[in-house]
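Each chain, written out:
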Amino acid sequence: MQLRPCAAALQAALVGAVACLSSMVGYCVYSVLYPGLQQRRIDAARRKRFRMVAVQALALRSNERYGSLVDWRGRLDPVTVRSIFDEFDTDHSGEIDKGEVQGLLLGLQLAGGGSHDVPSQDTMDYWMKEFDANYDGRITFDEFNRALGRWVDERLTSSSRAAGGGSGFG
């Protein structure tokens, strides 16, 4: 069936209007959702950077006091990890509580803006979330060792990719 010129123009205009409207709706949805998605990416990048800096600070501290944090195979040295854990377990309970995490962050100069700043609640909560596997408010040696192992593996993998190999602790 052939449409008259006026009807064909009306149909083309209607198709164009639908296409424009759907594009506008898509853009509005993108505008609303994208800032949230972007903020999640930024937050994830900040958390990753914090983990990288924390591992580097622990590696430097362990080199000064106990020896290398990782062995030649890139695995955590258990004696060094135990020494670090015991250093921050100031009450010798066998567990690191939130107050001791605050001391750990201060000792590693990971508090925030400067080396003598008190760590923010968000920073301490993040550390506890990452290390306290059973969420009981205390970090056992096994929890500390496992979480630190994940962070070190991530650091070594990132360093290896960026430098084309190497330990990432030098």
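Not measured: the values here are computed from a predicted model.

1. Notes on the pattern of salt bridges
Now for step 1: Applying the stated rule across the entire model yields 9 salt bridges.
Now for step 2: A salt bridge links Asp 136 to Arg 138; its shortest N-O distance comes to 3.4 Å.
Now for step 3: Each of Arg 61, Arg 65 and Glu 87 takes part in a single network of salt bridges with overlapping partners.

2. Notes on the confidence of the model for the protein
Now for step 1: Residues with a pLDDT of 70 or more make up 86% of the protein, whose mean pLDDT is 82.
Now for step 2: Looking across the protein, the model is least confident in helix α5 (residues 141-163), with a mean pLDDT of 83, and most confident in strand β2 (residues 138-140), with 94.

3. Describing helix α3 (residues 98-107)
Now for step 1: Within the span of α3, buried status applies to Glu 100, Val 101, Leu 104 and Leu 105. The arc enclosing the buried residues of α3, seen along the axis, measures out at 145 degrees, which places them on a common side.
Now for step 2: Phi turns positive, to about 60 degrees, at Gln 109, one or two residues after α3.

4. Brief notes about the packing of α3 against helix α4 (residues 121-131)
A pair of packed helices is captured by two measures, namely the crossing angle of their axes and the spacing between those axes.
Now for step 1: Axis separation between α3 and α4 bottoms out at 10 Å; the angle between their running directions is 110 degrees. With respect to α4, the axis of α3 lies roughly perpendicular. Here Lys 98, Val 101, Gln 102, Leu 104 and Leu 105 of α3 lie close against α4, whose contacting residues are Gln 121, Thr 123, Met 124, Asp 125, Trp 127 and Met 128.
Now for step 2: By residue class, the composition of the contact of α3 with α4 is 6 nonpolar, 3 polar and 2 charged.

5. Concerning the nonpolar core
Nonpolar side chains tend toward joint burial in soluble globular proteins.
Now for step 1: With 32 residues, the main nonpolar core has Leu 69, Trp 127, Phe 144 and Leu 148 as its most contacted residues.
Now for step 2: Of all elements in the fold, only α1 (5-65), α2 (78-88), α3, α4 and α5 reach the threshold of two or more residues within this core.
Now for step 3: With 7 residues, α5 is the largest single contributor of residues to this core.
Now for step 4: When neighbours within four sequence positions are excluded, Trp 127 is seen to be in contact with Phe 50, Ala 54, Val 101, Leu 104, Leu 105, Leu 110, Ile 139 and Trp 151.

Conventions used here
Residues numbered from 1 in each chain as written. Predicted model: local features only at pLDDT ≥ 70, side-chain atom pairs only at ≥ 80, totals over all residues. Heavy atoms only, no water. Salt bridge = Lys/Arg side-chain N within 4 Å of Asp/Glu carboxyl O. pLDDT = per-residue confidence, 0-100. Helix = DSSP H or I, 4+ residues; strand = E, 2+ residues; numbered from the N terminus. Buried < 20%, exposed > 50% of the residue type's maximum accessible area, 1.4 Å probe, protein only. Arc of directions from axis to C-beta. Axes fitted to C-alpha atoms, helices over the stretch in contact; angles between N-to-C directions. Parallel < 35°, antiparallel > 145°, perpendicular 65-115°, else oblique. Contact = heavy atoms within 4.5 Å. Nonpolar A, V, L, I, M, F, W, Y, C, P; charged D, E, K, R; others polar. Core = buried A, V, L, I, M, F, W, Y, C linked by side-chain atoms within 4.5 Å.

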